[in-house]
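# Architecture and fold: a report
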Amino acid sequence: MLTFRFGADILSSDLEREISLVNESIDLGQIGKRGADDSSQVGFGEAGPGKLRQPEMGLRDGVVTLPVTNEIAHNSLVNYIMESLLSDLNREQRQAVTHKGAPLLVLAGAGSGKTKVLTYRAFYLIQKKLADPSEIILLTFTNKAAEEMKTRVAKMSDGPSGILGTNSRWELGFAGTFHTFGARMLRHYGQLVNLPPNFVIYDTDDSESVIKGVIKGLGLDPKNNRPGMYRHLISRMKNELLTPTDLAETAKDDFYKKVVAVWLEYEKTLRKANAVDFDDLLIFTVRLLSLPSMQERIREKYKYILVDEYQDTNKAQFLLTKLLAVHSTGLMLVGDAAQAIYSFR
């Protein structure tokens, strides 16, 4: 069963989650208005049947015969395939895929086809020319889920192996994890938040190793001060967008005062090494996308934000989603509250 909620109040969460990274960057290009024909190539290759082109023979002043006929035939084929795909959905799924207007939150149980709805939504937006593939972002929490979504969308594309069998292939604006998205954005624009583009990403083991050195440097007993414990606590607070200063203001017992001391030294060590941890990928991206200039770039570049497994978002991911949703009517969130990873803590 699918449950729908509409409106801006759907952006609410308090959670935390997975990781994945790459060293590529995302270039949002120059700020400026799109040309009148920027979206005319959606789904069509250079020689695809959707191209309006001057015929080889006949007058050269606007005589178009076969190409127009081909475009009509192609559009008829697209509409037929679209209806065939939508007929594969139940009533609630179809309602979600074709939804227009307010932001949409889809709540559904395990095995109800949530990811299917998300990928069909992307296909629907592209084939109805509501968005260019590059204007769509698909976000999820694990590499496995991200690959599954990319594979599903690719199978629906206009590539030779896609359902329309032409020569082009869709390239979405982004499809992957929150952390991968953050890493790519920061590679290109990190200097705007004082992060050099050649930063190093520390994984969990790297972070624990740094904290182990910090504990030793502070003269704390390693038997009673396990690096993994400190890493976990620091990670949770970072995902709530807290800082060592925030914790210091409320730390009243010796334990949390030690956490503040370890955290401060940990951050200093990361900055000296030109490094970030997984949580920093989200924190720096939130800072970056909060800049007015970046909000304008996002407005120009992306129209639709689709998020899978939304029940697992933490505060940093929630704010990242909110900052990406400049066009609020283009936001779609899919999740299952019964599967929230925090319910087991």
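Residues numbered from 1 in each chain as written. Predicted model: local features only at pLDDT ≥ 70, side-chain atom pairs only at ≥ 80, totals over all residues. Heavy atoms only, no water.

Let's shift gears to the overall build of the protein. A tally of helices and strands in the protein yields twelve helices and eight strands. Within the protein, buried positions represent 48% of all 345 residues. Accessible surface computed for the protein: about 17200 Å², of which carbon and sulfur atoms make up 51%. (Helix = DSSP H or I, 4+ residues; strand = E, 2+ residues; numbered from the N terminus. Buried < 20%, exposed > 50% of the residue type's maximum accessible area, 1.4 Å probe, protein only. Areas by Shrake-Rupley, 256 points an atom, 1.4 Å probe, with all protein chains shown as cover.)

Taking every second residue as pointing to the same face, both faces of strand β7 (residues 304-307) are buried, with Tyr304 and Leu306 on one and Ile305 and Val307 on the other. Where strand β3 (residues 136-140) meets β7, four bridges bridge the pair, whose relative direction is parallel. Across the sheet, the residue bridging to isoleucine 137 is isoleucine 305, located in β7. When β7 meets strand β8 (residues 331-335), the two strands line up parallel, connected through three bridges. Opposite isoleucine 305, over in β8, you have leucine 331 as the bridge partner. (Pairing = 2+ DSSP bridges.)

Here we take up the side chain of asparagine 314. Assignment of secondary structure puts asparagine 314 in the loop between β7 and α12 (315-324). Residue asparagine 314 is classed as buried on the basis of its relative accessible area of 0%. For asparagine 314, the side chain forms a polar contact with the main-chain nitrogen of alanine 316, separated by 3.1 Å. (Polar contact = N/O pair within 3.5 Å; in protein donor to acceptor, adjacent residues only side chain to side chain.)

It is worth spelling out the environment of isoleucine 234 at this point. Residue placement: isoleucine 234 occurs in helix α7 (residues 227-239). Between the C-alpha atom of isoleucine 234 and that of tryptophan 263, which follows or precedes it by 29 residues, the distance is 6.8 Å. Look past the residues within four positions of isoleucine 234 in its chain and what remains in contact with it is Ile211, Val262, Trp263 and Tyr266. (Contact = heavy atoms within 4.5 Å.)

Let's shift gears to the packing of aromatic side chains. The full count for this structure, using the stated rule, is four aromatic pairs. An angle of 45° between the planes, with centres 5.2 Å apart, marks the rings of phenylalanine 141 and phenylalanine 178 as tilted. In this pair, phenylalanine 141 sits in the loop between β3 and α4 (143-156) while phenylalanine 178 sits in helix α5 (residues 178-189), placing the two residues 37 residues apart along the sequence. Neither phenylalanine 141 nor phenylalanine 178 differs from the other in exposure class; each is buried. Taking 5.3 Å as the distance between ring centres and 70° as the angle between the ring planes, the aromatic pair formed by phenylalanine 174 and phenylalanine 181 counts as edge-to-face. Note on phenylalanine 174: relative accessible area 2%, which makes it buried. Three or more aromatic residues joined by ring pairs form one cluster here, namely Tyr230, Phe255 and Tyr256. Across the ring face of phenylalanine 199, the terminal group of arginine 187 is positioned such that the distance to the ring centre comes to 3.9 Å. Across from the ring centre of phenylalanine 284, 4.9 Å away, lies the NZ or CZ of arginine 287, which sits over that ring. (Phe/Tyr/Trp six-rings, centres within 6.5 Å; stacked < 30°, edge-to-face > 60°. Lys NZ or Arg CZ within 6 Å of the ring centre and 35° of its normal.)

On to the nonpolar core, then. With 38 residues, the main nonpolar core has Leu139, Phe181, Leu289 and Leu324 as its most contacted residues. Those elements that place two or more of their residues in this core are β3, α5, α10 (278-289), α11 (292-301), β7, α12 and β8. No other element matches α10, which puts seven residues into this core. In terms of nonpolar packing, the next biggest core, distinct from the first, is built from 28 residues, Leu89, Tyr124, Leu138 and Tyr304 among them. (Core = buried A, V, L, I, M, F, W, Y, C linked by side-chain atoms within 4.5 Å.)

This part takes up α4. In this model α4 runs 20 Å from its N-terminal to its C-terminal C-alpha over 14 residues, within 8% of the 20 Å that 1.5 Å per residue would give. For α4, every residue scored as buried is listed here: Ala145, Ala146, Met149, Val153, Ala154 and Met156. Taken together, the buried residues of α4 touch α3 (114-127), β3 and β4 (174-177). (Expected span 1.5 Å × (residues − 1).)

Now for the confidence of the model for the protein. Averaged over every residue, the pLDDT of the protein is 77; residues scoring 70 or more account for 70%. A low-confidence stretch, residues 30-68 (pLDDT under 50), is modelled with 48 contacts involving residues beyond four sequence positions or located in other chains. (pLDDT = per-residue confidence, 0-100.)

Glancing now at the pairing of strand β2 (residues 104-108). The buried fraction of β2 amounts to four of the five residues, a majority that puts the element mostly inside the structure. In this structure, β2 lies alongside β8, joined through four bridges in parallel fashion. Bridge pairing in β8 links valine 106 to valine 334.

Moving on, we come to α3. Its 14 residues place the ends of α3 20 Å apart at the C-alpha level, agreeing with the 20 Å of an ideal helix rising 1.5 Å per residue. The buried fraction of α3 amounts to 13 of the 14 residues, a majority that puts the element mostly inside the structure.

On to the packing of α5 against α12. Closest axis-to-axis distance for the α5/α12 pair is 11 Å, and the angle between their directions is 60°. Considering the angle they form, α5 stands oblique to α12. Crossing handedness for the pair α5 and α12: left-handed. Contacts between α5 and α12 involve Phe178, His179 and Phe181 from the first element and Gln317, Leu320, Thr321 and Leu324 from the second. (Axes fitted to C-alpha atoms, helices over the stretch in contact; angles between N-to-C directions. Parallel < 35°, antiparallel > 145°, perpendicular 65-115°, else oblique. Left-handed = near helix turned anticlockwise from the far one by under 90°.)

Moving on to the pattern of salt bridges. In this structure the tally under the stated criterion is eight salt bridges. Residue glutamate 208 is joined to arginine 231 by a salt bridge in which the shortest nitrogen-to-oxygen separation is 3.3 Å. Residue glutamate 208 is found in helix α6 (residues 204-217), and its partner arginine 231 is found in helix α7; the two are separated by 23 residues along the sequence. Residue classification places glutamate 208 among the partly exposed positions, given a relative accessible area of 27%. A salt bridge links glutamate 267 to arginine 271, with the nearest nitrogen and oxygen atoms 2.9 Å apart. Note that glutamate 267 and arginine 271 are positioned in helix α9 (residues 254-272) at a spacing of four residues, about one turn of the helix. (Salt bridge = Lys/Arg side-chain N within 4 Å of Asp/Glu carboxyl O.)

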